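Close look at the chain arrangement
Listed below, chain by chain, are the residues.
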Amino acid sequence: MKERGTKWMDTLDLAVFVVISAAGLAEVLGYLVPGCLEASVNIGIAEMLMILVACAAWQGRMPFLLVPVAVFGCVLGWTTNYAETTFYNWGFWVQGISAGAACIGLTIFQIVRKVRPGKRPWALLAMTLCIAAGSLLMWYGFTERDRNASGIARHTLWAVPSQFDRVESSHPGRIEEVVYTTRAYATDGREVQKRALVYLPWEYDSEKEYNILYLMHGTGDDENYWLKTNSNNKVMLDQLIATGNIQPLIVVTPTFYVEDDLKDTGLDPLTYSFREELRKDLMPVVESRYATYAETTDDAGFTASRDHRAFAGLSRGAVTTYHSAFCGSLDWFSWFGTFSGSRTDADYFRETIQSDEFREYPIHYLYVTSGTFDFALPRQLQDNHALLEIEPRLTTGVNTDMDVFPMRYHSIGNWHLALYNLLQRIF
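Report on the accompanying structure. In this text, all values refer to a predicted model and were calculated from it rather than measured experimentally. What you see as residue numbers is a count from 1 along each chain, following the sequence as written. In keeping with the model being predicted, local features are shown solely for residues with a pLDDT of at least 70 and side-chain atom pairs are shown and tallied solely at 80 or more, while totals for entire chains, interfaces and linings include all residues. As a rule here, side-chain values come from all non-hydrogen atoms in the structure, and water together with hydrogens is ignored.

This part takes up unusual backbone geometry. Positive phi outside glycine occurs at Lys114, with the angle close to 55 degrees. Counting from the N terminus, the helices are DSSP H or I runs at least four residues long and the strands are E runs at least two residues long. When you line up the elements, Lys114 lands in the loop between α4 (90-113) and α5 (122-147). Here the phi dihedral of Met407 falls at roughly 65 degrees; this positive angle occurs in a residue that is not glycine.

Structure follows, in structure tokens:
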């Protein structure tokens, strides 16, 4: 009876190991096939650790060892998937759920059937610890290297140099608030009051001309997100300007939200309708008040000064960047940044930027970023590839890049790196 229980235990342990291994291989191939080496390497290391632990649980008849696999798989499943937009990384959920179920079920089976553990899998566990320790040391080493580096944008970036990130500048810029009247363009067209923050560099001079960057937040945040909620972005701006790494510029942080509109039915229409607010209301107010290159705040003035104007955003703000600025206002903007967001396919690019209205305007730079564990990454890879296939004005390494930051997920740590690089690549 004990022998039969042992055979069943071994068979079930093997089945769990095969499921975890197959799901792990699918995850790695899911990024290796489209050519995202950074994500393949990071995910490959994580998968190697989970598979080694699952193998140790099988070889040693120790299902309790599957606890870290269950936890790690579920955490990665949560960070790399988002119910509204992305269920690409299903393998992590398969690993986490199967490991958790097997841990509980097989432990009970082992106790009830009195199945003895096998030989202790010391070699497998030692190998797992060595790989984990080596990966953590590598992460720490690369992070410290970048924290101590000089100010220069890098395609592979682990941290913003400390000189720009952790010390308040002795020449800080200031933040002002602009209140303006607009309309609820996505719904009933009613008149509403909104606000945006405006960053002005140290010794801002109204007699000069400044480049201007419009910077959008993501879902659930507001106009304070970039410069106040995460004030290290302002510190970085101040320091990059003070050290001469970038020229003084104006930064505007608006919000795509219009009161509580569409919060129950879906926010996607706001990513399109913000174009009307941007062009009719926000830009005329901001650029009539502050010293930009726009000599007039009409269509002619904004078109003539487009080379000195950028728009970037994160998450749904990146989607807004595509829909309202890149595809909707290419005549007024020529520099763009999209961080952890896309949701714009080739057909929409053809309808907009390749239309008679926009096809003659040059695109000076499009910067696309994500993290290796970011749920937005799969769709970004797909949409960016489609864009490059159909758009002759964009050439990788010349006026567009897609950087995937190692060990980063859908969070401000990811977007802080993206902003650091963008500021040094525009204008």
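Okay, the nonpolar core next. Note on terminology: a nonpolar core comprises buried Ala, Val, Leu, Ile, Met, Phe, Trp, Tyr and Cys residues joined through side-chain atoms within 4.5 Å. Summary of the burial criterion: residues with accessible area below 20% of their type's maximum are buried, those above 50% are exposed, and those between are partly exposed, where the area comes from a 1.4 Å probe applied to protein chains only. Ranked by size, the top nonpolar core spans 49 residues in total, and within it Tyr214, Ile250 and Phe326 carry the most contacts. The element that contributes the greatest number of residues to this core is helix α9 (residues 268-289), accounting for 6 residues. In this view, Tyr214 contacts Val252, Leu278, Leu282, Met283, Val286, Glu287, Arg309, Ala310, Phe311, Ala312 and Phe333; residues no more than four positions away in its chain are not counted. Residues Cys36, Ala39, Cys55 and Ala70 belong to the second largest nonpolar core, which totals 35 residues. What makes two residues a contact is simply this: any of their non-hydrogen atoms within 4.5 Å.

Before going further, it helps to examine the pairing of strand β5 (residues 309-314). Along β5, 6 of the 6 residues are buried, which leaves the element largely enclosed by surrounding structure. Every second residue of β5 is oriented toward a common face, with Arg309, Phe311 and Gly313 on one face and Ala310, Ala312 and Leu314 on the other, all of them buried. If DSSP finds at least two bridges between two strands, the strands pair. Inspection of the sheet shows strand β3 (residues 211-216) paired to β5 by 5 bridges, in the parallel sense. In the strand pairing of β5, Ile212 is matched with Arg309. Bridging between β5 and strand β6 (residues 335-339) involves 5 bridges; their strand directions are parallel. Bridge pairing links Leu314 to Phe339 in β6. When the strands point away from the viewer and the path from the first strand over the helix to the second turns clockwise, the crossover is right-handed. You can see the chain leave β5, run along helix α11 (residues 316-326) and come back into β6, and the turn it takes is right-handed.

Nothing here speaks to function; it is geometry throughout.
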